[in-house]
Amino acid sequence: MIQAPKGTRDVYGVEMQLWRHVEDLIREITTAYRYQEIRTPIFEPTELFLRGVGETTDIVQKEMYTFLDKGGRSMTLRPEGTAGVARSYIERGIASTPQPTKQWYLGPIFRYEQPQAGRYRQHFQFGVEVFGGTSAATEAEVISLGWTLLNRLGVRDVTLHLNSIGCPGCRKLYHEALRAFIDAKMDSLCGLCRQRIEKNPLRVLDCKTPSCKEHLKDAPSVLDSLDEECAGHFQGLQQLLKTFEIPFVIDPRVVRGLDYYTRTVFEFITAEGLTVLGGGRYDGLIEQVGGQHTPGVGFGMGMERLVNMLQAQQFQPTETLSPQIFIGHADEAGERKAQELVYFLRQAGVKAEGDLLNRSVKAQMKYASKINAAHTMIIGGNELENASANVKNMETGEAEPVQFDNLLKFLETKAVV
Ligand code: ATP
Ligand code: MG
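What counts and how
- All residue numbers refer to positions counted from 1 along the written sequence of the respective chain.
- Throughout, the order in which chains and ligands are written sets their labels, letters from A for the former and numbers from 1 for the latter.
- Confidence filtering applies because this is a predicted model: local features only for residues at pLDDT of at least 70, side-chain atom pairs given and counted only at 80 or more, and all residues used for totals across whole chains, interfaces and linings.
- Excluded from the side-chain calculation are hydrogens and water; included are all heavy atoms of the structure.
- In this text, near means that some heavy atom of the residue lies within 4 Å of the molecule or strand in question.
- What qualifies as a polar contact is a pair of N or O atoms within 3.5 Å, subject to a donor-acceptor requirement within protein and to the restriction that residues adjacent in sequence count only when both atoms come from side chains.
- The Shrake-Rupley method, run with a 1.4 Å probe, gives the accessible areas here. Residue values count only the displayed protein chains as cover.
- Secondary structure elements are defined from DSSP: runs of H or I of at least 4 residues count as helices, runs of E of at least 2 residues count as strands, and each element is numbered from the N terminus.
- Under the scheme applied, nonpolar residues are Ala, Val, Leu, Ile, Met, Phe, Trp, Tyr, Cys and Pro; charged residues are Asp, Glu, Lys and Arg; polar residues are all the others, including Gly.
- With axes taken as lines fitted to C-alpha atoms, and helix axes fitted only over the stretch in contact, angles between N-to-C directions fall between 0 and 180 degrees.
- Angle categories are assigned with fixed cut-offs, so that under 35 degrees is roughly parallel, over 145 is roughly antiparallel, 65 to 115 is roughly perpendicular, and the rest are oblique.
- Left-handed describes a crossing whose near helix is turned anticlockwise from the far helix by less than a right angle; the clockwise case is right-handed.
- Contact between two residues is taken to exist if any of their heavy atoms lie within 4.5 Å; hydrogens are not considered.
- In this scheme, a residue with accessible area under 20% of its type's maximum is buried, one over 50% is exposed, and one in between is partly exposed, where area comes from a 1.4 Å probe on protein chains only.
- In this scheme Phe, Tyr and Trp rings, the latter by its six-membered ring, pair at centre separations within 6.5 Å, and the angle between planes marks the pair as stacked below 30 degrees, edge-to-face above 60, and tilted otherwise.
- For a ring to carry a charge above it, either NZ of a lysine or CZ of an arginine must fall within 6 Å of the ring centroid while also lying within 35 degrees of the normal to the ring plane.

Considering the site of ligand 1
Consideration 1: Taken together, 15 residues surround ligand 1, and among them R111, E113, R119, Y120 and R256 come closest.
Consideration 2: Contact distances for ligand 1 include 2.9 Å between an oxygen atom and a side-chain N or O atom of K208.
Consideration 3: Residue R256 places a side-chain N or O atom 2.3 Å away from an oxygen atom belonging to ligand 1.
Consideration 4: Within the complex, the protein chains bury 91% of what would otherwise be the 590 Å² of accessible surface of ligand 1.
Consideration 5: When residues in the shell around ligand 1 are grouped by element, the largest group, 3 residues, is from strand β10 (residues 275–281).
Consideration 6: Class assignment for the residues of the shell around ligand 1 results in 3 nonpolar, 6 polar and 6 charged.

In structure tokens, the structure reads:
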């Protein structure tokens, strides 16, 4: 038997309905916020991610699906969504349209990770990207968009963790403080952290190893190294979030895994400690991938982690595929009429079903009940002659004759969803 690659999933059945529900809400909310959808390629030149994600990150160092195409070019399946949108912003001249540019995407992301709960080799991210917004109102807007989605879905037990890692100037100061703190503990940190402290000290705070977490508990806070402007920006954001009545906690431990962040970083974290949505400001990114200096703010949200949470909360999707009517047949002539009526009803947008297996009438009725048909109708010679058949309400068991010509109107009056 051929199996799906390790760390990948099939989304189908009731779970797919949940995804659809989330996606419908994403479309509704992003429209209210006036964000445009963007679809970029799922593979890009490897160079884009080396520059846009950063050589010191876990993603670039060990998680990328990189291959040579038949022309000998190094390509990479996208390990995150922002770099492609940034490339497009520069390449398509989007910078010369009215600013800010506000876009969203939803699509597969590929990372060679050790598969475990909520961690896959292909996962889907919903993300938003705003380019050109300088004020803290930009972060407030983006955070409120994510919060609105989680709220409207009825997600419980998720907390917004907020931090600022300042500008490169503040960070230089902080790196010194952090280095001094870590130098004393160097021997007790994992090998990865000892490398990180050289290349990108902030990443040490993002280490998932429990012993490292413990040793870094009393690390100095980046918030103490913010200059006046960065501190003011962070204050402005907090005030707006209070105005929106969006609860948050300040968490100097949130630093995000990617190199390109400046100032604001945030994560929505579940009670189990899983991050469903993470983002922040990245004012250096567009320059990093070859454009003019342009501020950027955005987030990425893991669809699987969100849907897992909804499932754990016993979330019931409202939309079902249960037919409003099952039209079966008792003989060959009846079958043709039944299929014709099913076709006609579907053209009118009614969920209708017929028999495709040449089953007996009894077996057809059993099937209709299994798929939760609201009504059933069986057509045979007699019914054909009268151009009318009994429609049975499957819930009450009551039946009444309905003319074929009146079937659509009849079902509309029943207003079955
Ligand atoms: P983590 O710290 O959990 O590895 P990350 O910092 O790598 O997360 P991001 O790159 O910010 O995550 O991705 C945004 C979101 O995408 C995450 O918050 C998470 O919900 C989801 N995500 C990231 N990696 C995976 C994965 N391998 N499988 C499923 N979802 C993922
Ligand atoms: Mg990761």
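Describing the packing of helix α12 (residues 332–347) against helix α15 (residues 407–414)
Consideration 1: Remark: α12 packs on α15, axes separated minimally by 10 Å, with the N-to-C direction vectors making an angle of 55 degrees. In terms of their interaxial angle, α12 and α15 are classed as oblique. α12 and α15 meet at a crossing whose hand is right-handed. On α15, the residues touching L341, F344 and L345 of α12 are L407, L408 and L411.

A word on the side chain of Q238
Consideration 1: Relative to the elements of secondary structure, Q238 occurs in helix α9 (residues 228–243).
Consideration 2: Look at Q238 and you get buried, because its relative accessible area is 10%.
Consideration 3: Among all residues touching Q238, those that are not within four sequence positions of it are L162, F248 and I250.

Looking at the packing of aromatic side chains
Consideration 1: Under the defined criterion, the tally for this structure stands at 8 aromatic pairs.
Consideration 2: Ring geometry for Y65 versus Y112: centroids 5.6 Å apart, planes at 75 degrees, classification edge-to-face. Of this pair, Y65 sits in strand β3 (residues 65–68) while Y112 is found in the loop between β5 (101–110) and β6 (122–131), placing the two residues 47 residues apart along the sequence.
Consideration 3: With relative accessibility at 43%, the residue Y112 sits in the partly exposed group.
Consideration 4: Both rings, one in F326 and one in Y367, keep their centres 6.0 Å apart while their planes meet at 75 degrees; by these two values the pair is edge-to-face. Remark: Y367 occurs in helix α13 (residues 361–370) and F326 occurs in strand β12 (residues 325–329); sequence separation between them is 41 residues.
Consideration 5: Owing to a relative accessible area of 24%, Y367 belongs among the partly exposed residues under this scheme.
Consideration 6: Here the aromatic cluster, defined as three or more aromatic residues joined through ring pairs, consists of W104, F126 and F299.
Consideration 7: When the ring centre of Y120 is taken as reference, the NZ or CZ atom of R9 above it lies at 5.6 Å.

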